[in-house]
Amino acid sequence: MTQLFAGVATIVLAIILYGLGRKPHKPILRSTDVSEVVALNRAQVELVQVAEVEEVAERAPVLAWQAPSTSAERLAMQHYLRRSMDDGPDLRLQAIKLAGQWGHQSVLPLLRRGLHDSDSRVVEAAAAAIERHRRGPSPDLAQSVRPPRNVARMR
């Protein structure tokens, strides 16, 4: 009798597991048309892009500029360039161009940071701006240096 109960329990268990493992015949979603969602997403993205362009236009400095003359102006310019490097690609490009026009030694870290940027326009502008700071060995540095103490001197 116990063998009969074990057999029936096995068959019932197999039927239950088979029933649970089957997939439903009708799909969960009745319609898979997502064109309305895509149109809504495009409209929202366009609104955001227009707002970003307007914000960039408001924050953009005048192209005809003069190099800072006082230390306060120099610090303000450095602060503006650092803030611009944290913003979008258009502001980063403008900051790199402005730093290249300025040509001050204090902007070298920003130019080096621009060399590793994800936007190729920023990388090209940074490479062009940093080129003026690169130069060969200066003739003033080629002085005669005293040899180390453990070198025999020949007269």
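Preceding block: the structure.
Worth saying up front: this structure is predicted, and the values here are computed from it rather than measured.

Caption draft 1: The arrangement of the overall build of the protein in detail. When helices and strands are counted, the protein shows six helices and zero strands. Start at the N end of the protein and walk to the C end: the helices and strands fall as α-α-α-α-α-α. Evaluated residue by residue, the protein yields a buried proportion of 19% over its 155 residues. Counting only contacts in the protein whose residues sit at least 6 apart along the sequence, the fraction spanning at least 24 positions is 57%. Accessible surface, the protein: about 13100 Å² in total, of which carbon and sulfur atoms supply 59%.

Caption draft 2: Broad picture of helix H4 (residues 89-102). With 14 residues, H4 should reach 20 Å at 1.5 Å per residue; the first-to-last C-alpha distance of 20 Å fits that figure. By the criterion of burial, H4 is predominantly enclosed, with ten of the 14 residues buried. Here H4 has its buried residues at Leu91, Arg92, Leu93, Gln94, Ala95, Ile96, Leu98, Ala99, Gly100 and Trp102.

Caption draft 3: Expanded view of helix H5 (residues 108-115). Along H5, the positions that sit buried rather than exposed are Leu108, Leu110, Leu111 and Gly114. The buried residues of H5 occupy an angular sector of 160 degrees when the element is viewed end-on, so they sit on one face. Where H5 is buried, its residues touch helix H3 (71-85), H4 and helix H6 (120-130).

Caption draft 4: Highlighting the nonpolar core. Core analysis: the largest hydrophobic core is formed by 19 residues, its most contacted members being Leu81, Ile96, Val107 and Leu111. Among the elements of the structure, H3, H4, H5 and H6 are those that each provide at least two residues to this core. By residue number, the principal contributor to this core is H4, which donates six residues. With residues near it in sequence (within four places) discarded, Val107 still touches Leu81, Ala99 and Trp102.

Caption draft 5: Structural detail: the pattern of salt bridges. For the coordinates displayed, the defined rule picks out four salt bridges. The shortest N-O distance in the salt bridge between Asp117 and Arg92 comes to 2.8 Å. Here Asp117 is found in the loop between H5 and H6, whereas its partner Arg92 is found in helix H4, with 25 residues between them in sequence. A relative accessible area of 18% places Asp117 in the buried class. You can call Arg92 buried: its relative accessible area is 14%. Notably, a salt bridge pairs Arg121 with Asp119, separated by 3.0 Å at the nearest N-O pair. Residue Asp119 is classed as buried on the basis of its relative accessible area, which comes to 14%. Linked through salt bridges whose partners overlap, the residues forming this network are Asp90, Asp119 and Arg121.

About the cut-offs
- All chains use their own residue numbering, which begins from 1 and follows the written sequence.
- Predicted model: local features are reported for residues with pLDDT of at least 70 only, side-chain atom pairs are reported and counted for 80 or more only, and whole-chain, interface and lining totals are derived from all residues.
- Note: side-chain values were computed over all heavy atoms of the structure, leaving out hydrogens and water.
- Strands are runs of DSSP state E lasting at least 2 residues, helices are runs of H or I lasting at least 4, and numbering of each runs from the N terminus.
- Only protein chains enter the accessibility calculation, which uses a 1.4 Å probe. A residue is then buried if its area is under 20% of the maximum for its type, exposed if over 50%, and partly exposed in between.
- By definition, residues are in contact when any of their heavy atoms lie within 4.5 Å.
- Here the accessible surface of atoms and residues is derived via Shrake-Rupley with a 1.4 Å probe, and residues count as covered only by protein chains that are part of the display.
- To estimate the expected span of a helix, subtract one from its residue number and multiply by 1.5 Å.
- Here, the arc refers to the directions that run from the helix axis to the C-beta atoms.
- Residues grouped as a nonpolar core are buried Ala, Val, Leu, Ile, Met, Phe, Trp, Tyr and Cys residues, joined through side-chain atoms within 4.5 Å.
- Whenever Lys or Arg places a side-chain nitrogen within 4 Å of a carboxyl oxygen from Asp or Glu, that contact is recorded as a salt bridge.

Purely spatial values, then, with no claim about function.
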